[in-house]
Amino acid sequence: MEVLVNNKLYAVQQGITIAALLQFIQLSAQKGIAIAVNNQVVPKNNWDQQPLQNADSITIIRATQGG
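Residues numbered from 1 in each chain as written. Predicted model: local features only at pLDDT ≥ 70, side-chain atom pairs only at ≥ 80, totals over all residues. Heavy atoms only, no water.

Draft legend 1. Geometry of the overall build of the protein. Counting secondary structure elements, the protein contains 1 helix and 5 strands. Moving toward the C terminus, one meets the helices and strands of the protein in the order β-β-α-β-β-β. Computed over the C-alpha atoms, the radius of gyration of the protein is 12 Å, within 12% of the 11 Å expected from 2.2 N^0.38 for a compact globule of 67 residues. Among the 67 residues that make up the protein, the fraction classed as buried is 34%. As displayed, the protein offers around 4,700 Å² of accessible surface, 46% of which is attributable to carbon and sulfur atoms. (Helix = DSSP H or I, 4+ residues; strand = E, 2+ residues; numbered from the N terminus. Rg over C-alpha atoms; globule rule 2.2 N^0.38 Å. Buried < 20%, exposed > 50% of the residue type's maximum accessible area, 1.4 Å probe, protein only. Areas by Shrake-Rupley, 256 points an atom, 1.4 Å probe, with all protein chains shown as cover.)

Here's what the structure looks like:
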């Protein structure tokens, strides 16, 4: 199946979870990130359980420091 992550297409296993996707793209559970699936924010404690569906659009937002 394919999912879109920050406008980049990835081919992944059917039923992959958000946590597994983050490992796949080498962002595993970093602090300071938020995830939205199809424009719906997913709480971090659900990342291990929530499976993704074909053609889901995932947005990863990273907090940055600065001023």
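Draft legend 2. Highlighting the sheet that holds strand E1 (residues 2-5). Pairing within the open sheet is mixed, and its 5 strands lie in the order E2-E1-E5-E3-E4. Single-partner strands in this sheet number two, and they are strand E2 (8-11) and strand E4 (40-42). Mean inter-strand twist for the sheet, computed between neighbouring axes without regard to direction, equals 30 degrees. (Pairing = 2+ DSSP bridges. Axes fitted to C-alpha atoms, helices over the stretch in contact; angles between N-to-C directions.)

Draft legend 3. Broad picture of the nonpolar core. Judged by nonpolar contacts, the single largest core of 20 residues is most densely connected at Val3, Leu21, Leu22, Ile35, Leu52, Ile58 and Ile60. Looking at this core, the elements that each hand over two or more residues are E1, helix H1 (18-24), strand E3 (33-37) and strand E5 (57-62). If near-sequence neighbours (up to four positions away) are discounted, leucine 52 is found in contact with Met1, Val3, Gly15, Ile16, Thr17, Ile18, Leu21, Val37 and Ile58. (Core = buried A, V, L, I, M, F, W, Y, C linked by side-chain atoms within 4.5 Å. Contact = heavy atoms within 4.5 Å.)

Draft legend 4. Summary view of the pairing of E3. Most of E3 sits inside the fold, with 4 of its 5 residues counted as buried. Sheet analysis places E3 next to E5, joined by 5 bridges and oriented antiparallel. When the bridges of E5 are listed, isoleucine 35 appears paired with isoleucine 60. Here 3 bridges tie E3 to E4, and the two strands are oriented antiparallel to one another. From the neighbouring strand, alanine 36 faces E4, where its bridge partner is valine 41.

Draft legend 5. Examining the pairing of E5 more closely. Both E1 and E5 contribute to a ladder of 2 bridges, which runs parallel. Residue pairing in the sheet places valine 5 in a bridge with isoleucine 58 of E5.

Draft legend 6. Up close: the packing of aromatic side chains. Going through the model one piece at a time under the given rule, you end up with 1 aromatic pair. An angle of 75 degrees between the planes, with centres 6.2 Å apart, marks the rings of tyrosine 10 and phenylalanine 24 as edge-to-face. With tyrosine 10 in strand E2 and phenylalanine 24 in helix H1, this residue pair connects regions lying 14 residues apart in the sequence. You can call phenylalanine 24 partly exposed: its relative accessible area is 47%. (Phe/Tyr/Trp six-rings, centres within 6.5 Å; stacked < 30°, edge-to-face > 60°.)

None of the figures reported here should be taken as evidence of function without further support.
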